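These are the residues of each chain, in order.
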Amino acid sequence: MPTNDPLLEPFDMGHLRLKNRVVSTSHEPAYAQDGMPKERYLRYHLEKAKGGLALTMMGGAACVAPESPAFVNNIALFRDEVVPYFRAIADAVHEHDTLVMCQVTHAGRRTSNYAGDWLPVISASGDREPQHRAFPKVAEDWDMERVITAYADAAERCKAGGLDGIELMGNGHLLDQFWSPATNHRDDEWGGDFERRLRFPLEVVRAVKERVGEDFVVGLRMAVDEARPGGLTAEGGLEVARRMTAEGIDFLSVLRGSLDTDRNLARVIAPMGTPAAPDLDFAAEVKRDLGIPVMHAGRIADLPTARHAVREGLLDMVGMTRAHIADPHLMRRLAEGQEDRIRPCVGAGYCIDRIYEGGDALCLHNPATGRETVLPHEIPVAPRPKSAVVVGAGPAGLEAARVLAERGHQVTVLEAGSKPGGQIAIAAAAPRRRDLIGIVDWRVEECQRLGVKIRCNTYADASDVLEHQPDVVIVATGGIPNTEIVDGPPNLITDSWQILTREVKLAKSVVVYDDNGDHAAMSVAEVIAESGAELEVVTPERVVAPLVGGTNYPAYLKAFARHSVRLTLNSRVASVRQEADRRLTVTLTNEYGETTETRTVDQLVVEHGTTPVDDVYAELKKHSRNHGAVDQDALLGLRPQQIVHNEDSRFQLFRVGDAVSSRNIHAAILDAYRLCLVI
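Residues numbered from 1 in each chain as written. Predicted model: local features only at pLDDT ≥ 70, side-chain atom pairs only at ≥ 80, totals over all residues. Heavy atoms only, no water.

Quick word on the overall build of the protein
Inference 1: Looking only at helices and strands, the protein features 23 helices and 27 strands.
Inference 2: Relative to the globule expectation of 26 Å for 679 residues, the C-alpha radius of gyration of the protein, 27 Å, shows essentially globular dimensions.
Inference 3: Projected onto the principal axes, the alpha-carbon positions of the protein cover approximately 75 × 65 × 45 Å.
Inference 4: Looking at the protein as a whole, 60% of its 679 residues qualify as buried.
Inference 5: In the protein, the proportion of contacts linking residues at least 24 apart, taken out of those at least 6 apart, comes to 72%.
Inference 6: Split by element, the accessible area of the protein, about 26,600 Å² in all, is 48% carbon and sulfur. (Helix = DSSP H or I, 4+ residues; strand = E, 2+ residues; numbered from the N terminus. Rg over C-alpha atoms; globule rule 2.2 N^0.38 Å. Buried < 20%, exposed > 50% of the residue type's maximum accessible area, 1.4 Å probe, protein only. Contact = heavy atoms within 4.5 Å. Areas by Shrake-Rupley, 256 points an atom, 1.4 Å probe, with all protein chains shown as cover.)

Rendered as structure tokens:
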């Protein structure tokens, strides 16, 4: 259909034509198997192609040599066997008129000495890479010669695999480690002044271009301004980009900042609570200076921002990578006039943080992303409509209602609170995490579209549920804070919900005891610290909040440093008692030193997850057809549940989310999705 939307305009890049202006930029979801992009990798990129994307870029940090081992399950681009896997991906993606490229790199020092073949990692100089903790060998002449050839070999494999082009990775990787004055301290022909620092990167580009020829696109992703002391400035970065362009680089993917520490990574891949598109204007300045196509990805999560970037000529192509992890059909919905149905990226950083913790990329609230081989993104209609009651309108309950309604069932949701949201509504009360409410809002809107009846202020018991004569009952009642791990009168203990909802007034001096390790205690601690209270965070862990990933915890630690928050590791809060002056004595124990100490404070806040609220489940269990039992083999195999313990009952009963046990948002939504997908 004709459209005036600039995002749907085609764009020519060299001999290639992109059907629209939106790109999923290079990233590594850590889906490789044995170093190869097999079926899971293919299905992930195919889903975005089916969803209308113009260009999907894979292999974030696909490695050209064995001494650049996988640090986030990267593709082993130095092996010839990668070619047929690339061919399979390219063929599948091309069927949907979508282009596909791969990022090609040598990580240099930005990896581990203790992975792969345990070869010494190399860099321009011997400086330790803080994030991956590698002490590199200073690259020798024979290293440079070998690696230059390895880049050319890798590019040739990409071309042989039918890809439409490659992207050389500069930011933080070996190319950047040579041209950046912050990491190249050499005084030989490979370092020193600008020209010599640029020698190795230029030779790489020349070797690649000579090997693949002019009919194969070669781009570059680089930090045009490293924004760090002693690093490449905007002026220097622009000159690097100009020199690369002169050697035949076909496009530039612009970044700003460095990746060598978690703090810097969180600046480049910014999480929620930070401004949208913080470097868009900077990328536009780079575009104005260069004569080649420019793309940029940096917290551009919504179509209005992307549309502005293209309409105003700030960018040629907009990177919406995390937005496509949340909704791989984003561009199809736009083209079909269903922009309001796009599942939003809330910027939680769950995807990227999992990767840097050794996991795989999963979206906080799209359970099908990364599971395309087992879970569909499109929900099929059931053969026979049923009547369903969902108890609870938190993330698990709303997802259950949405999926059941998409299946064609008649769904009623009974919610005890005055509005939907459950624990997400509480978590979103923390100012920096308010975007989490998008998870709720999207599901409420989808439920409304599908005709789901949501009845709030309804604390349902068994009779309330049974009066609907349901065929299916989903109990998603969540949990309540568990503070019983501390010995002492309950009235002396405050839970994290009470702080976030302002149910309890903040005191002047506070101990926050985190025996959960996730965002909950950190959010509470941040709110308390910002209030000006004297605060100590106590945890039995050896690090603060081990379940909070690398792009998220820097914001918490920044707040703690700014307000002089005391952090006490390896300690448990054993008990609390009230003194005559109404202040609290909190007793801490250290299991390693077998020591005990006390704190005198005004308030003790305990975060230890939740205890299931399962009263209605217990009431209904004996009346249900399956007595609440789940056939786990059928669940994982996406087959209908057929357990029968009560032939006289018409309804099946299931629990999901924190009504089962204390877990995170993704687990709650996954529970509901895969269970209800076959009901």
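As for the pairing of strand 23 (residues 584-590)
Inference 1: In terms of residue burial, strand 23 counts as a mostly covered element, since 6 of its 7 residues are buried.
Inference 2: Hairpin remark: strand 22 (residues 572-578) followed by strand 23, antiparallel, with 5 residues in the connecting loop; positive phi at arginine 582, about 75 degrees.
Inference 3: Taking the residues that link successive antiparallel strands as the turn, the strand 23-strand 24 (residues 595-601) hairpin has 4 residues, and the phi of glutamate 594 there is positive, at about 50 degrees. (Pairing = 2+ DSSP bridges.)

A short note on the packing of aromatic side chains
Inference 1: Enumeration according to the criterion identifies 4 aromatic pairs in this entry.
Inference 2: The interplanar angle of 55 degrees and the centroid separation of 5.4 Å between the aromatic rings of tyrosine 114 and tryptophan 118 together place this pair among those described as tilted.
Inference 3: Taking relative accessible area as the criterion, tryptophan 118 reaches 57% and is therefore assigned exposed.
Inference 4: Between phenylalanine 178 and phenylalanine 200, the aromatic rings sit 4.6 Å apart at their centres with planes inclined by 40 degrees, giving tilted as the arrangement. With phenylalanine 178 in helix 4 (residues 174-179) and phenylalanine 200 in helix 6 (residues 199-212), this residue pair connects regions lying 22 residues apart in the sequence.
Inference 5: The exposure class of phenylalanine 178 is buried, given its relative accessible area of 0%.
Inference 6: Taken together, Phe178, Trp190 and Phe200 form an aromatic cluster joined through their ring pairs.
Inference 7: Here the basic side chain of arginine 199 rests over the ring of tryptophan 190, its NZ or CZ set 3.8 Å away from the ring centre.
Inference 8: Here arginine 432 stacks its cationic end above the ring of tyrosine 556, 4.6 Å away from the centre of that ring. (Phe/Tyr/Trp six-rings, centres within 6.5 Å; stacked < 30°, edge-to-face > 60°. Lys NZ or Arg CZ within 6 Å of the ring centre and 35° of its normal.)

Remarks on the environment of alanine 54
Inference 1: Relative to the assigned elements, alanine 54 resides in the loop between helix 1 (39-50) and strand 4 (55-63).
Inference 2: Distance from alanine 54 to aspartate 97, taken between C-alpha atoms, is 7.5 Å for residues 43 residues apart in sequence.
Inference 3: Among residues more than four places away in sequence, those in contact with alanine 54 are Leu18, Lys19, Asn20, Val22, Thr98 and Leu99.

Notes on the domain arrangement of the protein
Inference 1: Domains assigned within the protein are domain 1 (11-358), domain 2 (387-479 + 613-677) and domain 3 (483-608).
Inference 2: Domain 1 and domain 2 are separated by 41 Å when their C-alpha centres are compared.
Inference 3: On the side of domain 2, 15 residues touch domain 1, which itself brings 10 residues to the contact.
Inference 4: Across the domain 1/domain 2 interface, buried area totals approximately 1,000 Å², and carbon plus sulfur atoms make up 53% of it.
Inference 5: On the domain 1 side of the contact with domain 2, Met272, Arg341 and Arg343 bury the most area, a combined 51% of that side's loss.
Inference 6: Here glutamate 446 makes a salt bridge to arginine 341, at a shortest N to O gap of 2.9 Å.
Inference 7: Where domain 1 touches domain 2, the interface holds 4 residue pairs in polar contact (both at pLDDT 80 or more).
Inference 8: Considering only residue class, the side of domain 1 that touches domain 2 consists of 5 nonpolar, 1 polar and 4 charged. (Domains from an automatic or database assignment. Buried area = accessible area lost by both parts, 1.4 Å probe. Salt bridge = Lys/Arg side-chain N within 4 Å of Asp/Glu carboxyl O. Polar contact = N/O pair within 3.5 Å; in protein donor to acceptor, adjacent residues only side chain to side chain. Nonpolar A, V, L, I, M, F, W, Y, C, P; charged D, E, K, R; others polar.)

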